[in-house]
Amino acid sequence: EVQLVESGGGLVQPGGSLKLSCAASRFTFSNYAMAWVRQAPGKGLEWVSGIMSGGGSTTYGDSVKGRFTISRDNAKNTLYLQMNSLKPEDMAVYYCAKYSSSFIWSALDAWGQGTLVTVSS
C-alpha cells in the first residue's frame with residue numbers, strides 16, 4: 001500500500017516561509033507525478049502544484065504562482081513544497097498526493113494524512 005507522510009507544517013507569520021516535505025514509500029516514487037493539494041478551514045480541496053515524475057516540469061495554481069516552489073528528490077523518495085511570502089489565506093491542511101502515472105494530467109490516486117499550516121501574527 002502506498003504511503004505518503006507529510007511534515008514541516010506549523011505556525012508562521014504573514015510574509016514568512018515554510019518548507020513542507022512528503023516522504024513516499026511502498027511504490028516506485030520516480031515513476032509517478034506528484035502533487036500538493038490543500039484544504040482551508042471550512043472549504044473544499046484546492047490543487048496547489050504538480051510535478052512530473054522526472055521533476056523537469058512543474059505547474060502551479062494561480063493563487064500560489066510565484067510564491068511556492070514544488071520540487072522532488074527521487075533518490076530520497078521525497079517531495080517538497082517551498083512556500084514563501086505566506087498569506088493568511090494560505091492557511092490550510094496541505095496534502096501530498098500521488099498521480100496514477102508520470103503525467104500531472106492523470107488522476108490522483110493516493111493521499112497523505114496532511115500537515116497543518118497556520119499563517120497568523
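Let us look at the structure shown here. Bear in mind that the values here come from a model prediction, so they are computed numbers and not experimental data. (Residues numbered from 1 in each chain as written. Predicted model: local features only at pLDDT ≥ 70, side-chain atom pairs only at ≥ 80, totals over all residues. Heavy atoms only, no water.)

**Quick notes on the nonpolar core**
One finds Trp36, Leu79, Leu81, Met83 and Tyr94 to be the most contacted residues of the largest nonpolar core, which totals 27 residues. Listing elements by their share of this core, those giving two or more residues are β3 (18-25), β4 (34-39), β5 (45-51), β7 (68-73), β8 (78-83), β9 (92-99) and β11 (115-119). When residues in this core are grouped by element, the largest group, 4 residues, is from β3. Not counting chain neighbours up to four residues away, the residues in contact with Met83 comprise Gly16, Ser17, Leu18, Leu20, Arg67, Phe68, Tyr94 and Val117. Counting 5 residues, the second largest nonpolar core, distinct from the first, contains Ala33, Met52, Tyr99 and Ile104. (Core = buried A, V, L, I, M, F, W, Y, C linked by side-chain atoms within 4.5 Å. Buried < 20%, exposed > 50% of the residue type's maximum accessible area, 1.4 Å probe, protein only. Helix = DSSP H or I, 4+ residues; strand = E, 2+ residues; numbered from the N terminus. Contact = heavy atoms within 4.5 Å.)

**What to know about the pairing of β5**
Relative to β5, β4 runs antiparallel, the two sharing 6 bridges. Across the sheet, residue Arg38 finds its bridge partner in β5, namely Glu46. The turn linking β4 back onto β5 is made up of 5 residues, and Gly42 within it adopts a positive phi angle of 75°. Relative to strand β6 (residues 58-60), β5 runs antiparallel, the two being bridged by 3 bridges. Looking at β6, one finds that Ile51 is bridged to Thr58. (Pairing = 2+ DSSP bridges.)

**Regarding the environment of Ser120**
Looking at where Ser120 falls in the secondary structure, it is placed in the segment after β11. Along the primary structure Ser120 and Gly42 are separated by 78 residues, whereas in three dimensions their C-alpha atoms are 17 Å apart. Among residues more than four places away in sequence, those in contact with Ser120 are Leu11, Val12, Gln13 and Pro14.

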